[in-house]
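Given next are the chains, with one letter for each unit.
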Amino acid sequence: MSICERCGRDVCKPCAFKPVNDNKRTVVVASDAELLRRSHFQRLATATRALGISRREIPNWIADTIWGFRGRITWPDGKPFEVGDEDIDLAFNDDGSFRWLSGFMYFDDTDPKQNPQRRILNRLRLIDLAFRISNPVRAGFIAK
């Protein structure tokens, strides 16, 4: 049995895939069109639930993953994408309980009836980016 050095649990799923912190690696954030597709939204919800961590720990995972990455992060057009100290809290409207994430993960096995709303794009982009950094294979499945 293996214990995760980061969180102390048995082979913690989000910690099992260490990001490649090669400063030559470039990660491209998802476009608005990708994030607004129902299929992308549902796969992202499924992947988020599969992390096996609480809704309050997910923003910490996002922050650790993005800020721990040493490569380049760009928009699809090649411009640098930067995440500031307050951007994650702002994306979730400074809701310390992160209740939205519980509702979001509900869609892992329930088909959304409509496309995601534009007002949640920043939330979806940050979650998606964390997967693109930490698990590029899973991110490829989410984006297909």
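Higher on the page you've got the structure.
Keep in mind that this is a model prediction, so the values were computed, not measured.

Trainee: Quick rundown of the pattern of salt bridges? Include the residues and the values.
Mentor: Note on pairing: side chains with opposite charge can pair once their charged atoms come close. Tallied over the full model, the rule gives four salt bridges. Between Asp32 and Arg118 there is a salt bridge; the shortest N-O distance is 3.3 Å. Highlighted residues: Asp32 in helix H2 (residues 32–35) and Arg118 in the loop between helix H6 (99–105) and helix H7 (121–134), separated in sequence by 86 residues. Of the residues examined, Asp32 reaches a relative accessible area of 29% and is grouped as partly exposed. Here Asp128 ties to Arg132 by a salt bridge, and the two come within 2.4 Å at their closest N and O atoms. Of this pair, Asp128 and Arg132 both sit in helix H7, separated by four residues, roughly a single helical turn.

Trainee: Would you mind going over the side chain of Arg25 in detail, with residue names and values included?
Mentor: Within the secondary structure, Arg25 sits in the loop between helix H1 (13–16) and strand S1 (26–28). Arg25 sits in the buried class, given a relative accessible area of 17%. In this structure the side chain of Arg25 is engaged in a polar contact, spanning 3.2 Å, whose partner is the backbone oxygen of Ile133.

Trainee: Outline the packing of aromatic side chains, listing residues and values.
Mentor: What the rule picks out here adds up to five aromatic pairs. Judged by centre distance (4.9 Å) and plane angle (80 degrees), the ring pair of Trp75 and Phe81 falls under edge-to-face. Ring pairing ties together the aromatic residues Phe41, Phe92, Trp100 and Phe104, which thus form one cluster. Looking at Arg43, its charged tip hangs above the ring of Phe141, at a distance of 5.6 Å from the centre. Cation over ring: Arg123 sits above Trp100, and NZ or CZ is 5.1 Å from the ring centre.

Trainee: Got a sec to walk through the packing of helix H4 (residues 58–68) against H7? Specific residues and values, please.
Mentor: Where H4 contacts H7, the two axes come as close as 9 Å, and the packing angle between them is 50 degrees. On the basis of the axis angle, H4 is oblique to H7. The way H4 lies across H7 gives a crossing that is left-handed. Within the contact between the two elements, H4 uses Trp61, Ile62, Thr65 and Ile66 and H7 uses Leu126, Ile127, Leu129, Ala130, Phe131, Ile133 and Ser134. Considered class by class, the residues forming the contact of H4 with H7 number nine nonpolar, two polar and no charged.

Trainee: Can you lay out the environment of Lys144 for me, pointing to particular residues and giving the numbers?
Mentor: Relative to the elements of secondary structure, Lys144 occurs in the segment after helix H8 (136–143). Distance from Lys144 to Arg43, taken between C-alpha atoms, is 9.3 Å for residues 101 residues apart in sequence. Those residues in contact with Lys144 that sit more than four places away from it in its chain are Arg37 and Arg43.

Reading guide: rules and limits
- Residues numbered from 1 in each chain as written.
- Predicted model: local features only at pLDDT ≥ 70, side-chain atom pairs only at ≥ 80, totals over all residues.
- Heavy atoms only, no water.
- Salt bridge = Lys/Arg side-chain N within 4 Å of Asp/Glu carboxyl O.
- Helix = DSSP H or I, 4+ residues; strand = E, 2+ residues; numbered from the N terminus.
- Buried < 20%, exposed > 50% of the residue type's maximum accessible area, 1.4 Å probe, protein only.
- Polar contact = N/O pair within 3.5 Å; in protein donor to acceptor, adjacent residues only side chain to side chain.
- Phe/Tyr/Trp six-rings, centres within 6.5 Å; stacked < 30°, edge-to-face > 60°.
- Lys NZ or Arg CZ within 6 Å of the ring centre and 35° of its normal.
- Axes fitted to C-alpha atoms, helices over the stretch in contact; angles between N-to-C directions.
- Parallel < 35°, antiparallel > 145°, perpendicular 65-115°, else oblique.
- Left-handed = near helix turned anticlockwise from the far one by under 90°.
- Contact = heavy atoms within 4.5 Å.
- Nonpolar A, V, L, I, M, F, W, Y, C, P; charged D, E, K, R; others polar.

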